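What follows is the residue order along each chain.
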Amino acid sequence: MVSIITVFAFESIGTATAMPVIAADLSLLESYTWAFSAFIVASLFAMVAGGLWCGITGPRRPVIVGVIALGIGSVVAGLATGLVSLIVGRALQGLGGGVILVAVYVLIARAYDVDARPKAFSVLSAAWVVPSLIGPLVAGWLAESVSWRAVFLIIPVVLLLPIALLIPRMRAFEGGTPGTPVRNRLLAGGVATVGLLAFQAGVLQLSILGGVIAAIGLVAVIVGARFLLPGGALVFRRGLPT
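This one's a predicted model, so the numbers in the text were calculated from it and none came from an experiment.

Reading the values: rules and limits
Residues numbered from 1 in each chain as written. Predicted model: local features only at pLDDT ≥ 70, side-chain atom pairs only at ≥ 80, totals over all residues. Heavy atoms only, no water. Helix = DSSP H or I, 4+ residues; strand = E, 2+ residues; numbered from the N terminus. Rg over C-alpha atoms; globule rule 2.2 N^0.38 Å. Expected span 1.5 Å × (residues − 1). Buried < 20%, exposed > 50% of the residue type's maximum accessible area, 1.4 Å probe, protein only. Contact = heavy atoms within 4.5 Å. Arc of directions from axis to C-beta. Core = buried A, V, L, I, M, F, W, Y, C linked by side-chain atoms within 4.5 Å. 1 Å grid on protein atoms, 1.4 Å probe; cavity = no way out; pocket = protein on both sides within 12 Å on 5 of 7 lines; lining within 4 Å. Points joined across faces, edges and corners; volume = space filled by probe spheres on them. Nonpolar A, V, L, I, M, F, W, Y, C, P; charged D, E, K, R; others polar. Phe/Tyr/Trp six-rings, centres within 6.5 Å; stacked < 30°, edge-to-face > 60°. Axes fitted to C-alpha atoms, helices over the stretch in contact; angles between N-to-C directions. Left-handed = near helix turned anticlockwise from the far one by under 90°.

Caption draft 1: Seen up close, the overall build of the protein chain. Helix and strand counts for the protein chain come out as nine helices and zero strands. Reading the helices (α) and strands (β) of the protein chain from amino to carboxyl end gives α-α-α-α-α-α-α-α-α. Since a compact globule built from 242 residues should have a radius of gyration of about 18 Å, the 19 Å found for the protein chain is in line with a globular shape. Here the C-alpha coordinates of the protein chain stretch approximately 50 × 45 × 30 Å along the principal axes.

Right under this line is the structure:
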């Protein structure tokens, strides 16, 4: 579990380090920010959909599909020859990563009792520490000395061992929660996702029209978040919302 999150963390941090080299090689210096936007937007929707999916079937299947999407997205991005293929690859990575993150949280909730969960989440948070320290160094070396494509193409390879060890053990946590609400939350996730996309597109235009688009997108994000987050989360109400 920690190994998969560590790989995901390396991918996130390493891509940010290598992106200037990628943009220069593919002549995308004016538009490569869309590679980040595609990842973030796809992750948002995947976290909503992945959470609902875990509620219906348990975390095992979402993890499998998430790892496959992350691996395919890494290959597509690693073989990209232009902006479109890079965006498609990054979006697939975002979908896979978002589903994996939520599924891991659900797995912790099912595998550990209430008293042990804080420790489990602490260990999970630590999975970001090593990638934060060495991720930029490794990604920078790969981009400069080997190829920026290696930053992406190495991901499916290093995912094989941890996923092979984790998937069989997750069979014990299959099964969903009866009455899991799907339709309204999925719709709210779609609204928030479209809103985030509009917000990012608007702020990049640096114009009055862009400002209007960004404002509409921000409103959509807030509206969607009200249905996705616990009541009072947007005003930091005491307890779970905060």
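Caption draft 2: Structural view of helix 8 (residues 183–203). For helix 8, with 21 residues, the first-to-last C-alpha span of 30 Å sits near the 30 Å given by 1.5 Å per residue. Within helix 8, burial applies to Ala188, Gly189, Ala192, Thr193, Gly195, Leu196, Gln200, Ala201 and Gly202. Residues of helix 8 that are buried sit in contact with helix 2 (33–57) and helix 9 (208–228).

Caption draft 3: View of helix 9. The end-to-end C-alpha separation of helix 9 is 30 Å, in line with the 30 Å expected for 21 residues at 1.5 Å each. Here helix 9 has its buried residues at Gly210, Ala214, Gly217, Ala220, Gly224 and Ala225. Viewed along the axis of helix 9, the buried residues span an arc of 135°, placing them on a single side of the element. Facing away from the buried side of helix 9 by more than 90 degrees, the exposed set consists of Ile208, Ile216, Val219, Arg226 and Phe227.

Caption draft 4: Seen up close, the nonpolar core. With 27 residues, the main nonpolar core has Ile5, Val63, Ile100 and Leu159 as its most contacted residues. When contributions to this core are tallied by element, the ones reaching two or more residues are helix 1 (2–25), helix 2, helix 3 (60–78), helix 4 (83–111), helix 5 (117–126) and helix 7 (148–169). Setting aside residues no more than four positions away along its own chain, isoleucine 5 makes contact with Ile100, Leu101, Val104, Leu124, Ala127 and Trp128. The next biggest cluster of nonpolar side chains, apart from the first, holds 16 residues, and it includes Leu26, Ala35, Ala80 and Ala150.

Caption draft 5: Fine view of the layout of surface pockets. By volume, the largest pocket is sized at about 660 Å³. Around the largest pocket sit 15 residues that line it, and Met47, Arg185, Leu228, Leu229 and Pro230 are the ones nearest its centre. By residue class, the composition of the lining of the largest pocket is 12 nonpolar, two polar and one charged. Space inside the second largest pocket adds up to approximately 160 Å³. Thr6, Val7, Phe10, Val130, Pro131, Ile134, Val138, Ile154 and Val158 together form the lining of the second largest pocket. Top element by residues in the lining of the second largest pocket is helix 6 (residues 129–146). It accounts for four residues.

Caption draft 6: Spatial organisation of the packing of aromatic side chains. Per the counting criterion, the structure on display carries two aromatic pairs. Ring plane angle 55° and centroid distance 5.6 Å describe the contact between tyrosine 105 and phenylalanine 121, whose orientation is recorded as tilted. Of this pair, tyrosine 105 sits in helix 4 while phenylalanine 121 sits in helix 5, and the two are 16 residues apart along the sequence. Taking relative accessible area as the criterion, tyrosine 105 reaches 42% and is therefore assigned partly exposed. For the pair tryptophan 148 and phenylalanine 152, a centre-to-centre distance of 6.2 Å together with 90° between the ring planes defines the contact as edge-to-face. A residue pair is termed a helical-turn pair when its members lie 3 or 4 positions apart in one helix, as tryptophan 148 and phenylalanine 152 do in helix 7 at four residues. Each of the two residues, tryptophan 148 as well as phenylalanine 152, counts as buried.

Caption draft 7: Examining the packing of helix 2 against helix 4 more closely. The contact between helix 2 and helix 4 brings their axes to 6 Å, and the two run at 35°. Of the two possible hands of crossing, helix 2 and helix 4 adopt the one that is right-handed. Grouping the amino acids of the contact of helix 2 with helix 4 by side-chain chemistry returns 17 nonpolar, six polar and two charged.

Keep in mind these values describe shape, not function.
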